[in-house]
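What follows is each chain in one-letter form.
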Amino acid sequence: MPKKAFLVSMDVASLYTNIPQEEGITIVCNAYENFHDQKPPTATNFLREMLSLILKENSFQFNGKDYLQTHGTAMGTKMAVAFANIFMASIEKEILRQSVYKPLTWKRFIDDVFCLWDTNKEEIEHFIEQANLYHPTIKFTAEVSQSETTFLDTTVYKGERFEKESILDVRTHYKPTETFQYTNYNSCHPAGVKKGFVKGEALRLLRTNSSKVMFEENIKNFRTRLTSRGYPNNLVDKILSEVKFAERKNALTQKQKAHKKILPFVTQFHPSLPCLKNILTEKWHLIQNQPLLREIYKEPPLISYRKGKSLKDMLVKAKL
């Protein structure tokens, strides 16, 4: 990688609500047919009808008035991410094809782009200007730098390794508005949720910091914030000790998850509940001694807690 390369991050402004519905549907249907070599397993017109139903029948009420969304897709729709992703793939392909200037690297995650350029800043700015002229509703904001740029929840930068090996580093990025209001330890949540959050966030810090110094600094700050939210020091130390910088390479490796069919035992969580997992484990032999039940429950059920009503649920009613 050239030493004077520019680091550029681009972001599509309000992507979901700025995708023209008919254009988006056509692009998705074309991608569907191309993926299946023009022999799709289900007729394309069925896909088109389903997409139209989801996109064009999104009605809602605000301040006593009824509205029908006529442009873009609702962000809460299950298909919104895939729809936007396929749409942007078509847009970026044409932008890159038409441009005289080509990036060294171009990586996109839905509406966020990271790219490297071996050229001058004027040509990069011209590329961004042309990209913003390509489509009437798809507009990009951009950050251009020779030292660092923000991409998703990381800052990509030229650190010590770059001078020696031309390798970029990353560190965790926090927005200026971040207040670190983690779930309080005394809140009404199962213990597994709290432990899982700590472990998950620690793993995120491991993955988003390529420097051991930066990782340890972020873990130290994370520990301080957890303590201020009521998390016991012994619990925090135990969980964080399981996340080691030496295991970062393994943490970055995508693992194949084994999909087991386990029947869930669903109930609503309450702090006064005894440990259901311990009770099930202790009494499991009673199930196994019954031939019919043994056939149904081949493994102990997964304890699953459904969300109870919060104050917001009680006070705020969604009107359909």
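This structure is a prediction, so every number in the text was calculated from the model and none was measured. (Residues numbered from 1 in each chain as written. Predicted model: local features only at pLDDT ≥ 70, side-chain atom pairs only at ≥ 80, totals over all residues. Heavy atoms only, no water.)

## Points about the confidence of the model for the protein chain
- Summary statistics for the protein chain give a mean pLDDT of 92 and a share of 99% for residues scoring 70 or more.
- Per-element confidence in the protein chain ranges from a low mean pLDDT of 84 for helix 12 (residues 311-315) to a high of 98 for strand 1 (residues 6-12). (pLDDT = per-residue confidence, 0-100. Helix = DSSP H or I, 4+ residues; strand = E, 2+ residues; numbered from the N terminus.)

## Focus: helix 2 (residues 44-56)
- Here helix 2 is 13 residues long and its end C-alpha atoms lie 18 Å apart, about the 18 Å a rise of 1.5 Å per residue gives.
- The complete set of buried residues in helix 2 reads Thr 44, Leu 47, Leu 51, Ser 52 and Leu 55. Buried residues along helix 2 cover an arc of 135° about the axis, so they all sit on one side. Residues Glu 49 and Leu 53 are exposed on helix 2 and point more than 90 degrees away from its buried face.
- Against the buried residues of helix 2 lie helix 1 (21-35) and helix 3 (80-98). (Expected span 1.5 Å × (residues − 1). Buried < 20%, exposed > 50% of the residue type's maximum accessible area, 1.4 Å probe, protein only. Arc of directions from axis to C-beta. Contact = heavy atoms within 4.5 Å.)

## Considerations on the pattern of salt bridges
- Applying the stated rule across the entire model yields 13 salt bridges.
- Asp 169 serves as the salt-bridge partner of Arg 161, at 2.9 Å between the closest nitrogen and oxygen.
- Judged by its relative accessible area of 33%, Arg 161 is partly exposed.
- Between Asp 313 and Lys 307 there is a salt bridge, and its shortest N-O distance comes to 2.8 Å.
- Each member of the salt-bridge network shares a partner with another, and the members are Asp 153, Glu 201 and Arg 204. (Salt bridge = Lys/Arg side-chain N within 4 Å of Asp/Glu carboxyl O.)

## Some details on the packing of helix 1 against helix 3
- Between helix 1 and helix 3, whose axes approach to 9 Å, the crossing angle comes to 85°. Viewed along their axes, helix 1 and helix 3 adopt a mutual orientation that is roughly perpendicular. Here helix 1 contributes Gln 21, Glu 23, Gly 24, Ile 25, Ile 27, Val 28 and Ala 31 to the contact with helix 3, which in turn contributes Phe 83, Ile 86, Phe 87, Ser 90 and Ile 91.
- Considering only residue class, the contact of helix 1 with helix 3 consists of 8 nonpolar, 3 polar and 1 charged. (Axes fitted to C-alpha atoms, helices over the stretch in contact; angles between N-to-C directions. Parallel < 35°, antiparallel > 145°, perpendicular 65-115°, else oblique. Nonpolar A, V, L, I, M, F, W, Y, C, P; charged D, E, K, R; others polar.)

## As for the side chain of Thr 155
- Within the element layout of this structure, Thr 155 appears in strand 8 (residues 154-157).
- Of the residues examined, Thr 155 reaches a relative accessible area of 6% and is grouped as buried.
- With near-sequence residues (within four places) excluded, Thr 155 lies in contact with Glu 148, Thr 149, Thr 150, Asp 169, Val 170, Arg 171 and His 173.

## Details of the nonpolar core
- Met 10, Leu 15, Phe 83, Phe 127 and Phe 140 are the most contacted members of the largest nonpolar core, which totals 35 residues.
- Broken down by secondary-structure element, the contributors of at least two residues to this core are strand 1, helix 1, helix 2, helix 3, strand 5 (112-117) and helix 4 (121-134).
- Counting residues per element, this core draws most heavily on helix 3, at 8 residues.
- Leu 206, Phe 222, Tyr 231 and Val 236 belong to the second largest nonpolar core, which has 17 residues in total. (Core = buried A, V, L, I, M, F, W, Y, C linked by side-chain atoms within 4.5 Å.)

## Considerations on the sheet that holds strand 7 (residues 148-151)
- Spatially, 7-8-9 is the arrangement adopted by the 3 strands of the open sheet, whose pairing is antiparallel. Sheet topology places strand 7 and strand 9 (169-172) at the edges, where each strand pairs with a single neighbour. Within the sheet, the average angular offset between the axes of one strand and its neighbour, ignoring direction, is 30°.
- In this structure, strand 7 lies alongside strand 8, joined through 4 bridges in antiparallel fashion. Its bridge partner being in strand 8, Phe 151 is matched across the sheet by Thr 154. (Pairing = 2+ DSSP bridges.)

## Section: helix 4
- If you check helix 4, its first and last C-alpha atoms are 20 Å apart, about what 14 residues at 1.5 Å a residue would give, namely 20 Å.
- Residues of helix 4 that are buried: Ile 124, Phe 127, Ile 128, Ala 131 and Asn 132. What you see down the axis of helix 4 is that its buried residues fit within an arc of 135°, all on one side. Counted as exposed and oriented over 90 degrees from the buried face of helix 4: Glu 122 and Leu 133.
- Residues of helix 4 that are buried in the fold lie against strand 1, helix 3, strand 4 (105-109), strand 5 and strand 6 (140-145).
- Its side-chain oxygen placed 3.2 Å from the backbone nitrogen of Glu 122, Asn 120 serves as the N-cap of helix 4. (Polar contact = N/O pair within 3.5 Å; in protein donor to acceptor, adjacent residues only side chain to side chain.)

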